[in-house]
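Examining the three-dimensional arrangement
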Amino acid sequence: MNSPPSIVTDVPSTQQKQLISRLVAVEPCPNGPPYTSSLQISRDDPYPVPGRNDVCIRIRAVGLNHIDWKNLEHENMVKKWPDILGFEIAGVVELVGMKVQENELRVGQAVFRLSGPVGMRRGPPEKEGPEEHGSGEKGDDGISGAGEMEASKNLAEVMVREVLKADSKLEKKGFWLGRSGGFQDVTCVHKSWATRKPASWPFQWAAGVPLAYMTACSAIVCGLGIRLPFLANSESACQGSASLLNLESPTIDTTSPKDPSADELKDHPANESGVKSVLVLGGSSGVGSSAIQLLRMALGPKAVIIAATNTEMYNRELRERGATAHLRGEFKGLIEKVHCLSEGKGVDAILDCVSGAACLDDGPFTPSGPPLPSSSDTDETTITNDLDSNTTVEDEKNLKTMLFWGVFREDGPKLYAEVATGRKVAVPTDVGIKATLIFSRMILDQPDGERALQELPALIESGKFVFPHPGGVKVVGQGLESVAPGLAELRESSGGMKFIVEL
């Protein structure tokens, strides 16, 4: 049996458990829920041993995300099975690596963090061996309870072997990468992926923010070329590919927009992309609501930030978070409404948080006026009218799609940032649209990007960033056994609310 290293004397004995439980995703579920055949609890796994820059966290709450069930059904981010899924957690630090300073993270500290099944250690454990330093330096590698231990080269070598030993036991079971997943009692991750939890936020709130926030940061910096004021050196250096919203007949709330803390907001001329107006598709999603707040910080009170959703709900909440207006409903009239809100010009950029553009391919186009007769003599449905009897459903779809892109300002930068969701459509780049496919971790490759998560607690405590999910939190259960039914419920939900499992 494996237990935490005996040298870690500062960890309370009640937390020094010899074994931990993990919710192991043993195989994909291509047919959808229930997910119980894939997600199986293992109660005999070794306690993870952190590398020199890692921390081990006892999880108190874990956030459920659509990427979790998509991983199960479509293997979006799973390189091999079995694995440990789960991307957002909040909990308490139990162990820290010897290069983790007390002013960074410390044992007993409440934290929240971005986790994930892949790429969190930047390579197998054996590639993270001790560095060559002078014999008097601290923290070559290994474990420290509170950062007070003197680290010699011999101790570093011993601790590296402990890391390799623990990871080899996991690797034999097929998932050394699973140490950083969120669906387990204790998770181990690089220190830059964790930060202190604001005292005013419960664990349930903290577990519902990291993925949405980091994805929004990536979209704004990498997709829209907008610098974030709390990351002074952030700049656009990412370029990618693309993909849109079932918006028909949106309506506008014509009351004067509420400008949160306008006296504290300033225009930032360092916006090299020239973006002054943004249409946020999926504005009530966690990413969308986070992006609205961050865009308001970055662009100031004069910017036009339009939140578009497929629900009538959350109008007040979105406007309180910084949206100029909330377009609600379907596709019809979208261009006119957007142009009306942008002085008749259109928007400079679209931030698509839900692959809303892909929804334009769902179902036939429905023209205004009375329904038109249709003919189904062949496999291809044809819509007929007095003007054109040869217009097919595919033609109408293409027209619908092209009309959507008319929301852009004709002489603007035409930036389209699409958060990767597994759905994509072809973006008409031949008309000057610059598309970027967004992943949550792209911000880490930017100057000062690793500080993004570390800056979040101060933004929360200053009131500049509020809980992004306008529908609040829904605790779907306690314990790892609640994850599978919780994911099935999330799969059918309409958005706006964060699903949480308490551990």
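In the annotation of an unreviewed UniProt entry, the protein chain is listed under the name GroES-like protein and assigned to Neurospora intermedia.

For the protein chain, the helix and strand inventory stands at ten helices and 19 strands. Counting only residues that meet the buried cut, the protein chain has 57% of its 503 residues in that class. Only carbon and sulfur atoms are counted for the fraction: they give 49% of the accessible area of the protein chain, which is about 21,000 Å².

With that settled, consider helix 1 (residues 66-74). Note: α-helices contain 3.6 residues per turn, so residues at a spacing of three or four share the same orientation. Of all nine residues in helix 1, seven are buried; the element is thus mostly enclosed. Residues of helix 1 that are buried: Ile67, Asp68, Trp69, Lys70, Asn71, Leu72 and Glu73. At its buried positions, helix 1 is contacted by strand 1 (19-25), strand 2 (39-46), strand 3 (54-63), helix 4 (210-223) and helix 10 (483-491). Taken from the residues just after helix 1, Glu75 is the one with a positive phi, measuring 60°.

Glancing now at helix 4. For helix 4, spanning 14 residues, the distance from its first C-alpha to its last is 19 Å, which sits close to the expected 20 Å at 1.5 Å a residue. Along helix 4, 14 of the 14 residues are buried, which leaves the element largely enclosed by surrounding structure. Immediately beyond the C-terminal end of helix 4, within one or two residues, lies Gly225, with a positive phi of roughly 65°.

As a further point, take the packing of aromatic side chains. A complete count under the given rule lists seven aromatic pairs for this structure. Both rings, one in Trp201 and one in Trp205, keep their centres 5.6 Å apart while their planes meet at 80°; by these two values the pair is edge-to-face. The class for Trp205 is partly exposed, based on a relative accessible area of 34%. Their ring planes at 80° and their centres at 5.6 Å tell us that Tyr213 and Phe465 sit as a pair that is edge-to-face.

Moving on to the confidence of the model for the protein chain. Predicted confidence across the protein chain gives a mean pLDDT of 75, with 66% of residues reaching 70 or more. Confidence drops under a pLDDT of 50 for residues 118-160, and excluding neighbours within four residues, the segment shows 97 contacts in the predicted structure.

On to the nonpolar core. One finds Tyr213, Leu294 and Leu487 to be the most contacted residues of the largest nonpolar core, which totals 97 residues. Of the residues forming this core, the biggest block, ten residues, is contributed by helix 4. Once residues lying within four places of it in the same chain are set aside, the contact partners of Leu487 are Tyr35, Leu39, Leu64, Asn65, Asp68, Trp69, Leu72 and Phe183. Residues Leu281, Ile306, Trp405 and Val427 belong to the second largest nonpolar core, which totals 18 residues.

As a further point, take unusual backbone geometry. In the segment running from Pro33 into Pro34, the intervening peptide bond is cis, with an omega of 5°. Relative to the helices and strands, Pro34 is located in the loop between strand 1 and strand 2. One non-glycine residue, Tyr314, adopts positive backbone phi at about 70°. Relative to the elements of secondary structure, Tyr314 occurs in the loop between strand 11 (304-309) and helix 6 (315-320). In this model, Lys414 sits at a positive phi of 55°, which is unusual for a non-glycine residue. Summarising the element assignment, Lys414 is placed in the loop between helix 8 (393-404) and strand 16 (415-419). Overall, Lys414 belongs to the buried group, its relative accessible area being 10%.

Here the focus is the environment of Ala199. Mapped onto the elements of the fold, Ala199 is located in the loop between strand 8 (194-196) and helix 3 (203-206). Overall, the relative accessible area of 77% leaves Ala199 in the exposed class. Sequence-wise, Ala199 and Val111 are 88 residues apart; in three dimensions their C-alpha atoms are separated by 9.9 Å.

This paragraph deals with the pattern of salt bridges. Tallying each qualifying case throughout the model produces 18 salt bridges. Where Arg409 meets Asp348, a salt bridge forms, and the shortest distance between an N and an O atom there is 2.6 Å. With Arg409 in the loop between helix 8 and strand 16 and Asp348 in the loop between helix 7 (334-341) and strand 13 (349-352), this residue pair connects regions lying 61 residues apart in the sequence. Residue class for Asp348 comes out buried when judged on its relative accessible area of 3%. Where Arg491 meets Glu492, a salt bridge forms, and the shortest distance between an N and an O atom there is 3.0 Å. Overall, the relative accessible area of 29% leaves Arg491 in the partly exposed class. Each member of the salt-bridge network shares a partner with another, and the members are Glu73, Arg491 and Glu492.

With nine of its ten residues buried, strand 3 lies for the most part within the structure. Strand direction decides the pairing type here: strand 3 and strand 4 (residues 88-97), joined by eight bridges, are antiparallel. Pairing of Cys56 across the sheet is with Leu95, part of strand 4. Note: strand 3 against strand 19 (residues 498-502), three bridges, orientation antiparallel.

The geometry of helix 4 relative to helix 5 (residues 286-299) is characterised by a closest axis approach of 8 Å and an angle of 55° between their N-to-C directions. With respect to helix 5, the element helix 4 is oriented oblique. Crossing of helix 4 against helix 5: the hand is right-handed. Contacts between helix 4 and helix 5 involve Ala212, Tyr213, Thr215, Ala216, Cys217 and Ile220 from the former and Gly286, Val287, Ser290, Ala291, Leu294 and Leu295 from the latter. In terms of residue class, the contact of helix 4 with helix 5 is made up of nine nonpolar, three polar and no charged.

With that settled, consider the side chain of Ser277. Considering the arrangement of structural elements, one finds Ser277 in strand 10 (residues 277-281). Within the local environment of Ser277, its side chain forms a polar contact with the backbone nitrogen of Asp348, the two atoms lying 2.9 Å apart. Excluding anything up to four places from it in sequence, Ser277 contacts Val304, Gly346, Val347, Asp348 and Ala349.

In this section: the packing of helix 1 against helix 10. Contact geometry for helix 1 and helix 10: axes closest at 9 Å, N-to-C directions at 105°. Comparing their axes, helix 10 and helix 1 come out roughly perpendicular. The residues of helix 10 that touch helix 1, namely those facing His66, Asp68, Trp69, Leu72 and Glu73, are Leu487, Leu490 and Arg491.

About the cut-offs
- Residues numbered from 1 in each chain as written.
- Predicted model: local features only at pLDDT ≥ 70, side-chain atom pairs only at ≥ 80, totals over all residues.
- Heavy atoms only, no water.
- Helix = DSSP H or I, 4+ residues; strand = E, 2+ residues; numbered from the N terminus.
- Buried < 20%, exposed > 50% of the residue type's maximum accessible area, 1.4 Å probe, protein only.
- Areas by Shrake-Rupley, 256 points an atom, 1.4 Å probe, with all protein chains shown as cover.
- Contact = heavy atoms within 4.5 Å.
- Expected span 1.5 Å × (residues − 1).
- Phe/Tyr/Trp six-rings, centres within 6.5 Å; stacked < 30°, edge-to-face > 60°.
- pLDDT = per-residue confidence, 0-100.
- Core = buried A, V, L, I, M, F, W, Y, C linked by side-chain atoms within 4.5 Å.
- Salt bridge = Lys/Arg side-chain N within 4 Å of Asp/Glu carboxyl O.
- Pairing = 2+ DSSP bridges.
- Axes fitted to C-alpha atoms, helices over the stretch in contact; angles between N-to-C directions.
- Parallel < 35°, antiparallel > 145°, perpendicular 65-115°, else oblique.
- Left-handed = near helix turned anticlockwise from the far one by under 90°.
- Nonpolar A, V, L, I, M, F, W, Y, C, P; charged D, E, K, R; others polar.
- Polar contact = N/O pair within 3.5 Å; in protein donor to acceptor, adjacent residues only side chain to side chain.

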